[in-house]
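Analysis of the macromolecular model
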Amino acid sequence: MKLRGNWSYPTLVKFGAGRISELATHVKAAGLKKPLLVTDKALATLPITARALDLLEEGGLGRAMFSEVDPNPNEMNMEAGLKVYRAGGHDGVVCFGGGSALDLGKMIALMADQPVSVWELEDVGDWWTRANPATIAPIVAVPTTAGTGSEVGRAGVLTNSATHRKKIIFHPKLLPAVTICDPELTVGMPRFITAGTGMDAFAHCLEAYCSPFYHPMSQGIALEGMRLVLENLPRVYITADDIEARSHMMAAAAMGAVAFQKGLGAIHSLSHPIGAVYNTHHGTTNAVVMPMVLDFNRAAIEARIVWAAAYLGIDGGFDGFRARVMDLRAELNIPANLTALGVDPARLDELTEMALEDPSCDGNPVKMMAENTRALFGTCM
Ligand SMILES: NC(=O)c1ccc[n+]([C@@H]2O[C@H](COP(=O)([O-])OP(=O)(O)OC[C@H]3O[C@@H](n4cnc5c(N)ncnc54)[C@H](O)[C@@H]3O)[C@@H](O)[C@H]2O)c1
Ligand SMILES: [Fe+2]
């Protein structure tokens, strides 16, 4: 089967190995004449990024780049990018990279000319209506990791460097106009990033699948997304240039982001404060807390996980599923617990407070409260 396609859901997705060659065509079709390519510091030095700039230049679109983007990017990265964007007279953003670069690029497109601060556009109720939609610049997304699914999402995650809070910033116009999903771009990821990002995709599918809200469409996508990760993540971890498996991982990442419209849960509400305080890799952090969160939610999700296990060809119902997650973590050399990730036990009360503020809590099948969440953190150490 040729793992290639032009999808129109949830946005225009040009999927397939080698399709980065079409970059200029799609950037122009999105209406851009003078795009700013936004990537991160490490990616800025890699040949895949030079190639993307070459393609833009050959297409008559210039080769402007902003790359002062940190992992878990913050508002200072955004302000620096906005300066470059405005000074260059750009008319849109090509977001090129992992979730950090994609999200920061989205923030630049969003905040180019807004009457409100970015924090006033947090994903709370209908706060997004505070933004002036007319000045949000078009976004073209090119993911180079297979995890966050930000390339098909309408949100960006921004860390507030003053309060150490990760905030989800939402606007419907943050959905990229077009996304190029070229699995060849993901081949050069460091191994632990391949593992962590893949586990982020799995966490999105798993949490969406378990969240109690009614959204059968997402439910189905989440289940198939989990299957793709279980079958392909160990493959790409062993063989970096397995393009077939890389393709399935890239699809699974996009599916995870579509699925989590149904909701996320405790994995993400624990992981967000840890990432904000300790600057740990997001997906890796999710993978660390995943089995403990499964146990925490067991009473509420057991029946549902038994169905999933049956679909996924896993024997033993809930216990079998949990064991499969543990095996996957071991295959990917995921740290065993938060202690191994460097979390200080003295800060668990503070992390608990931050976790309870995270909007992902709302989608957790067991209600998260101070006492049970503090206890959950304890089991993760
Ligand atoms: N918008 C969303 O819906 C959403 C969802 C989940 C997570 N996130 C956010 O995304 C961020 C994490 O993104 P991520 O997991 O993709 O990691 P990342 O973007 O932080 O990248 C991790 C590292 O991998 C490097 N890298 C990326 N692609 C590479 C490649 N092809 N070759 C070599 N190196 C490469 C980067 O330079 C970086 O050093 C976090 O801030 C997280 O909160 C956003
Ligand atoms: Fe995530």
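Residue indices begin from 1 for each chain and proceed along its sequence in written order. To read the labels, note that chains go from A and ligands from 1, taken in the order they are written. In keeping with the predicted nature of the model, local features appear solely for residues at pLDDT of at least 70, side-chain atom pairs appear and are counted solely at 80 or more, and the whole-chain, interface and lining totals rest on all residues. Side-chain metrics in this entry use all non-hydrogen atoms of the structure; hydrogen atoms and water are not considered.

To continue, consider the site of ligand 1. In the vicinity of ligand 1 lie 29 residues, with Gly99, Ser100, Thr145, Lys166 and His281 positioned nearest. Under the rule applied, a polar contact is a pair of N or O atoms within 3.5 Å (in protein, one hydrogen donor and one hydrogen acceptor; residues adjacent in sequence only if both atoms are side-chain atoms). In this structure, an oxygen atom belonging to ligand 1 sits 2.9 Å away from a side-chain N or O atom of aspartate 40. With respect to ligand 1, the side chain of threonine 144 contributes an N or O atom lying 2.8 Å from a nitrogen atom. Think of it this way: any DSSP run of H or I at least four residues long counts as a helix, any run of E at least two long counts as a strand, and we number them from the N terminus. Listing elements by their share of the shell around ligand 1, those giving two or more residues are helix H4 (99-111), strand E7 (155-160) and helix H5 (191-210). Per element, the largest residue contribution to the shell around ligand 1 is 4 residues, and it comes from H5. Split into classes, the residues belonging to the shell around ligand 1 amount to 12 nonpolar, 13 polar and 4 charged. Residues are counted as near a molecule or strand when any one of their heavy atoms sits within 4 Å of it. Residues were grouped as follows: Ala, Val, Leu, Ile, Met, Phe, Trp, Tyr, Cys and Pro as nonpolar; Asp, Glu, Lys and Arg as charged; and all remaining residues, including Gly, as polar.

Here the aromatic set is Phe, Tyr and Trp, taking the six-membered ring for Trp, and pairing holds for ring centres within 6.5 Å; pairs whose planes are under 30 degrees apart are stacked, those over 60 apart are edge-to-face, and all others are tilted. If you walk through the whole model with that rule in mind, you get 2 aromatic pairs. With 4.7 Å between their ring centres and 20° between their planes, tryptophan 7 and phenylalanine 15 make a pair best called stacked. The classification of residues rests on relative accessible area computed with a 1.4 Å probe and restricted to protein chains. Under 20% of the type maximum is buried, over 50% is exposed, and intermediate values are partly exposed. Note on tryptophan 7: relative accessible area 35%, which makes it partly exposed. Relative to phenylalanine 321, the ring of phenylalanine 202 lies with its centre 6.4 Å away and its plane at 20°, an arrangement referred to as stacked. Pair noted here: phenylalanine 202 is in helix H5 and phenylalanine 321 is in helix H10 (residues 317-331), with a separation of 119 residues, a long-range link. When sorted by exposure, phenylalanine 202 lands in the same class as phenylalanine 321, which is buried.

We place a 1 Å grid over just the protein atoms. Points where a 1.4 Å probe fits but has no way out form a cavity, open points with protein on both sides within 12 Å along at least 5 of 7 lines form a pocket, and any residue with an atom within 4 Å of a point lines it. Grid points are joined across faces, edges and corners, and a volume is the space filled by probe spheres set on the points. Here the second largest pocket defines a volume of roughly 290 Å³. In terms of lining residues, the second largest pocket is bounded by 16 residues, among which Trp7, Phe15, Leu228, Ala251 and Met255 are the most central. Secondary structure elements with two or more residues in the lining of the second largest pocket: helix H6 (216-238) and helix H7 (243-259). Per-element accounting of the lining of the second largest pocket gives the leading share, 6 residues, to H7.

In this listing, donors mean N, O and S atoms no farther than 2.8 Å from the metal, or 3.2 Å for Na, K and Ca; water is missing from the atoms, so a site can look incomplete. Taken together, the protein donors to the iron ion (ligand 2) comprise Asp200 (OD), His204 (NE2), His268 (NE2) and His282 (NE2), at separations of 2.1 Å. For four-coordinate sites, all angles between 85 and 135 degrees define a tetrahedron; for four- and six-coordinate sites, opposite donors beyond 155 degrees with the remaining angles between 65 and 115 define square planar and octahedral shapes respectively, and all other cases count as irregular. Viewed at the metal, the 4 donor atoms of the iron ion (ligand 2) are separated by angles of 84 to 169°, and the geometry they form is irregular.

Right, let's get into the sheet that holds strand E9 (residues 178-181). For two strands to count as paired, DSSP must find a minimum of two bridges between them. If you walk across this open sheet you meet the 7 strands as E1-E2-E9-E6-E5-E3-E4, and the pairing is mixed. For this open sheet the edge positions go to strand E1 (5-7) and strand E4 (65-66), each flanked by a neighbour on one side alone. Pairing geometry for strand E3 (residues 35-38) and E4, over 2 bridges, is parallel. Bridged to leucine 37 within E4 is methionine 65. Contacts were defined at the residue level, with two residues in contact if any of their heavy atoms lie within 4.5 Å. To obtain each axis, a line is fitted to C-alpha atoms, and for helices this fit is confined to the stretch in contact; angles are then taken between N-to-C directions over 0 to 180 degrees. In this fold H4 packs onto E3, E4, strand E5 (92-97) and strand E6 (139-143), with an angle of close to 170° to the strand it touches most, E5. The sheet strands contacting H7 are E1, strand E2 (12-15), E6 and E9, and the helix crosses E2 at an angle near 170°.

Once that is clear, we can look at the packing of H6 against H10. Two numbers describe how H6 lies on H10: the axes approach to 10 Å, and their chain directions differ by 25°. With respect to H10, the element H6 is oriented roughly parallel. Between H6 and H10 lies a crossing of left-handed hand. Contacts between H6 and H10 pair Met226, Leu230, Pro234 and Tyr237 from the former with Phe321, Arg324, Leu328 and Glu331 from the latter. Residue classes in the contact of H6 with H10 are distributed as 6 nonpolar, no polar and 2 charged. Every angle not falling under 35 degrees, over 145, or within 65 to 115 is termed oblique; those three ranges are roughly parallel, roughly antiparallel and roughly perpendicular. Put simply, a crossing is left-handed when the front helix is turned counterclockwise from the back one by less than a right angle, and right-handed when it is turned clockwise.

Another point: the pattern of salt bridges. Once their charged atoms are close, side chains differing in charge can pair, the charge on each being opposite to the other. For this document, the term salt bridge refers to a Lys or Arg side-chain nitrogen within 4 Å of an Asp or Glu carboxyl oxygen. Within the structure shown, the criterion is met by 17 salt bridges. The residue glutamate 22 makes a salt bridge to arginine 19 at a minimum N-O spacing of 2.9 Å. Like glutamate 22, the residue arginine 19 is buried in the burial classification. Taking the shortest distance from any N to any O, the salt bridge between arginine 298 and glutamate 302 comes out at 3.0 Å. Taken together, the positions of arginine 298 and glutamate 302, both in helix H9 (residues 282-312) and 4 residues apart, correspond to about one turn of that helix.

Attention now moves to empty space enclosed by the protein. With the rule as written, the count across this model stands at 3 cavities of 30 Å³ or more. What lines the largest cavity is Glu122, His164, Arg165, Lys166, Lys167, His272, Pro273, Met354, Glu357, Asp358 and Pro359. Of all the secondary-structure elements, those providing two or more residues to the lining of the largest cavity are strand E8 (165-170), helix H8 (266-278) and helix H11 (348-357). The dominant element in the lining of the largest cavity, judged by the number of residues it contributes, is E8, at 3 residues. In terms of residue class, the lining of the largest cavity is built from 3 nonpolar, 2 polar and 6 charged. Its volume calculated, the second largest cavity comes out at about 80 Å³. Surrounding the second largest cavity, 14 residues form its lining, Leu206, Glu207, Cys210, Val293 and Asn297 being those nearest its centre. At the level of elements, H5 and H9 are the ones that each hand at least two residues to the lining of the second largest cavity. Ranked by the residues each element gives to the lining of the second largest cavity, the list is headed by H9, at 5 residues.

Looking now at unusual backbone geometry. Omega for the peptide link from tyrosine 9 to proline 10 comes to 0°, which places this bond in the cis form. Examined against the element boundaries, proline 10 turns out to sit in the loop between E1 and E2. Located in the positive-phi region is asparagine 279, a residue other than glycine, with phi close to 55°. Note on placement: asparagine 279 falls in the loop between H8 and H9. Residue classification places asparagine 279 among the partly exposed positions, given a relative accessible area of 47%.

Distances and angles like these do not, on their own, reveal function.
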